There are 2 protein chains.
Amino acid sequence: MVNYNGRSYVCLLDFAMDFIRGKWKAVLLCHLYNEPKRFLELQRMTEGISQKVLNEKLKELENDELVCKKVYAEIPPKVEYSLTNKGKELTSIIKQIESWSVKHYPELDNKCV
Amino acid sequence: MVNYNGRSYVCLLDFAMDFIRGKWKAVLLCHLYNEPKRFLELQRMTEGISQKVLNEKLKELENDELVCKKVYAEIPPKVEYSLTNKGKELTSIIKQIESWSVKHYPELDNKCV
């Protein structure tokens, strides 16, 4: 058993998978892989996500130090999200899962990024 | 949008992540990585999983052609689960996620297999 921040995991893989649990987080990380994105860009790229859920998921990724939020002192304010080094490493692995599905389900090919 | 077996996914990564969604499937695949395992071995290795849920998850992995179930004509019957080639490829990627967490959270190190 692994205990972290008041939660229990059966092992370190279970712990790691929790960072990308649910429908959106792996997809969002992939959207940020090549370059930083603004909130509205991410929402536009991520079909079906609501503003509330996107906000919530970005906050979770930020708390987990996978994503970094940068606010530029401009008017109107510009906010950008990018991957941290730790997030970039995890995302490069997640992208292999995407490649795995492209290989095995070529008829469904429709890449995220 | 990707449609497959009556379900919709925002992209091929969302589709692929669905194979290992939830608490158990990624962990079970890793348990099968090195060699085939019997049901009770898997249950023993996977702390906290009930017989019902293990059965259900193995069936899902089998339906997704990631795991293969082999029944030996013996008395008492011997049943073994192993990874298919497709499952082995996916699992080798999942194991990188485990290594990522070992690297970034060394204080929690407690490998699954």
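Use the structure listed above.
What this report covers is the structure whose coordinates are included nearby. Treat the numbers as computed from the prediction; the structure is a model and nothing was measured. (Residues numbered from 1 in each chain as written. Chains lettered and ligands numbered in written order. Predicted model: local features only at pLDDT ≥ 70, side-chain atom pairs only at ≥ 80, totals over all residues. Heavy atoms only, no water.)

## What to know about the relation of the copies chain B and chain A
Piece 1. Here chain B sits on chain A after a turn of 180° about the axis and a move of 0.0 Å along it, with an RMSD of 0.0 Å. Interpreted geometrically, this transformation is the action of a two-fold axis.
Piece 2. The share of interface residues of chain B whose copies in chain A are also at the interface is 100%, consistent with both copies meeting through the same surface. (Least-squares fit on C-alpha atoms with pLDDT ≥ 70 in both. Contact = heavy atoms within 4.5 Å.)

## Points about the pattern of salt bridges
Piece 1. Here the structure, examined in full by the defined rule, presents 22 salt bridges over all chains.
Piece 2. Measuring nitrogen to oxygen at the nearest pair gives 3.0 Å for the salt bridge that ties Glu89(A) to Lys103(B). With Glu89(A) in helix α5 (residues 85–104) and Lys103(B) in helix α5 (residues 85–104), the pair connects residues from two separate chains.
Piece 3. With relative accessibility at 54%, the residue Lys103(B) sits in the exposed group.
Piece 4. The partner of Asp18(B) in a salt bridge is Arg21(B), with the nearest N and O atoms 3.2 Å apart.
Piece 5. Residue classification places Asp18(B) among the buried positions, given a relative accessible area of 17%.
Piece 6. If you follow the salt bridges from partner to partner, you end up with Arg7(A), Asp14(A), Asp18(A), Arg21(A) and Lys23(B) in one network. (Salt bridge = Lys/Arg side-chain N within 4 Å of Asp/Glu carboxyl O. Helix = DSSP H or I, 4+ residues; strand = E, 2+ residues; numbered from the N terminus. Buried < 20%, exposed > 50% of the residue type's maximum accessible area, 1.4 Å probe, protein only.)

## Details of the environment of Cys68(A)
Residue and element names in this part refer to chain A.
Piece 1. Mapped onto the secondary structure, cysteine 68 falls in strand β4 (residues 67–72).
Piece 2. A residue is classified by how much of its surface remains accessible, and cysteine 68, at 37% relative accessible area, is partly exposed.
Piece 3. Along the chain, cysteine 68 and leucine 58 lie 10 residues apart, while their C-alpha atoms are 9.0 Å from each other.
Piece 4. Beyond its immediate stretch of four places on either side in the chain, cysteine 68 contacts Glu80, Tyr81, Ser82 and Thr84.

The analysis is restricted to geometry; functional conclusions fall outside its scope.
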